[in-house]
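Residue-level structure breakdown
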Amino acid sequence: MGSMTTTKFQGWLGLDAEAVNGNMKWGEFEPKKWTEDDVDIEISHCGICGSDMHVLKSGWGPTPYPCVVGHEIVGRAARVGKNVTHIKVGDQVGVGAQARSCGKKDCFECSRSLEPHCPHNVNTYGSIYPDGEGKSYGGYADYNRTNGRFVFKIPEGLDPAAAAPMLCAGITVFAPLRRNGCGPGKRVGIVGVGGLGHFGVLFAKALGADRVVGISRRGDKKADVLKLGADAYIATAEDKDWATKNAGSLDLIISTVSNENMPLDGYINLLATQGTIIQVGAPDGGRLPNINAFQLLLKGIKVGGSLIGAPSEIREMLALAAEKKIQPWIQERPLKDANQAIIDMEEGKARYRYVLVNENFGKH
C-alpha cells in the first residue's frame, strides 16, 4: 500500500469568488493529513449541487480559498485506514456533504444519530479541520480523502452515476420524508422540482405515500413530474386560486425552494389539520416570508427545517434505492467540462441533476 501515499490530489480549484463564473483552475492540492481513520477514494463520479455555487462565490460566508467543491462523490476505495472495518480497497464507495463529526460518546448529537447537527461538523469541502489536519477538499477532482465513518458502500446493482446525487440531493429530501412518516396513508407535496425536488417525488413514491403532488411556479415541468410518478401537479404562478382549490389536501410538504418571496402562506394552506411543512431550501441570508400565527394555531400546523441526513439514514436510503431500482434523472458531463457545467447549472438547465464523470478514473 506504500505506493498509494504518493497519490497526486488534483482537481478544479476555486481561487476566488470569480470561480463561480466558470473560472475554476485545474491544479494540485494538499488533502487533509492522512490518519488511520481515513479512506482515499479514486473518484469516478461527482454530482453538481447548488451548494457548490454558494460556496464558490462565498455566498454562505467567506470561503477558505483555494477550494475544490463537490459533495456527491462516488468512486473506488484506493487506500483504507487500519481503523476502518466496513470498507476494503477496491470497494465502490460514496461520500455526501459531511466529512466528519466529533463522534464522542458524550456528544448529544453524535450519540443520537444526529451527526449533521454536531457542533464540530466538518463539511466535505471548504472546512478547516479543528486539529491542524488541514482543509477539506471535495469531488471535482481525481481523489478525495474522508473519514471512514462518512464513507458509504454503494450497494450492488446501484448505478454509480445515479448513486452520486443521492448522497446530498437525495438524502436532503429522504431524511425529512422518512422522519415525518411518509408512507401509506400520507399525502405528500414537494415544492420546487429541481435536483432535490425530483428526488422528493421519487422517494415519496418509493416510501409508499398514498398521493404525491409536485408544486412549482410554472406548468412547464408538469409532464416530467407526472412521469417521475407524481399523482398531480400544482403550478402556483399559473392558477391564482391554487391555494384555495387545494386547501387541506396534504399531510406533509417538503419545500426545496430557497426564495425569500415564496408563497409560504399558500403552501401552509394546502395542509390538512395537524399537517407538517419542512423547509430544506436555504435562501441567502436565511430569510423566510412571514407566517401568520392563526394559520398555525387553528389547524395545529407544524413548521420545521431539516439539514442533510445522518450516516444511518444514508445507508437506509441507498438500500431502498437499490431495492426499488430508483433512477434519478441525470445528465452526465465530463469532469474536464466542469466550468461549463456549473454555468449551465446556474442557468437552470439541468434536468434534473448534472453528474461529472471523471475521464481520468482507472488511469492512475
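The protein chain is annotated in an unreviewed UniProt entry as alcohol dehydrogenase (NADP(+)) of Diatrype stigma. You can read under Sequence similarities (unreviewed entry) in the UniProt record for the protein chain the words "Belongs to the zinc-containing alcohol dehydrogenase family." Per its UniProt entry, the protein chain bears the Cofactor (unreviewed entry) comment "Zn(2+)".

1. Structural notes on the overall build of the protein chain
In terms of regular secondary structure, the protein chain is built from nine helices and 17 strands. Computed over its C-alpha atoms, the radius of gyration of the protein chain comes to 20 Å, within 12% of the 21 Å expected for a compact globule of 364 residues. Counting only C-alpha atoms and orienting by the principal axes, one finds that the protein chain spans roughly 65 × 45 × 40 Å. Split into buried and exposed, the 364 residues of the protein chain put 55% on the buried side. Once the 42 positive and 40 negative side-chain charges of the protein chain are each reduced to a mean point, those two points are 3 Å apart.

2. Examining the pairing of strand β3 (residues 38-47)
Of all 10 residues making up β3, 10 are buried, and the element is well covered by its neighbours. Note: β3 against strand β8 (residues 143-147), five bridges, orientation antiparallel. Paired with aspartate 38 across the two strands is asparagine 147, which belongs to β8. Where β3 and strand β4 (residues 73-80) come together, seven bridges link them in antiparallel fashion. Residue cysteine 46 lies in a different strand from β4, and its bridge partner there is isoleucine 73. Across three bridges, β3 lies against strand β17 (residues 353-357) in antiparallel orientation. Bridge pairing in β17 links glycine 47 to valine 355.

Procedures and definitions
- Residues numbered from 1 in each chain as written.
- Predicted model: local features only at pLDDT ≥ 70, side-chain atom pairs only at ≥ 80, totals over all residues.
- Heavy atoms only, no water.
- UniProt positions renumbered as here; feature names shortened; annotations may be inferred.
- Helix = DSSP H or I, 4+ residues; strand = E, 2+ residues; numbered from the N terminus.
- Rg over C-alpha atoms; globule rule 2.2 N^0.38 Å.
- Buried < 20%, exposed > 50% of the residue type's maximum accessible area, 1.4 Å probe, protein only.
- Lys, Arg positive; Asp, Glu negative; His and termini not counted.
- Charge placed at Lys NZ, Arg CZ, Asp CG, Glu CD.
- Pairing = 2+ DSSP bridges.

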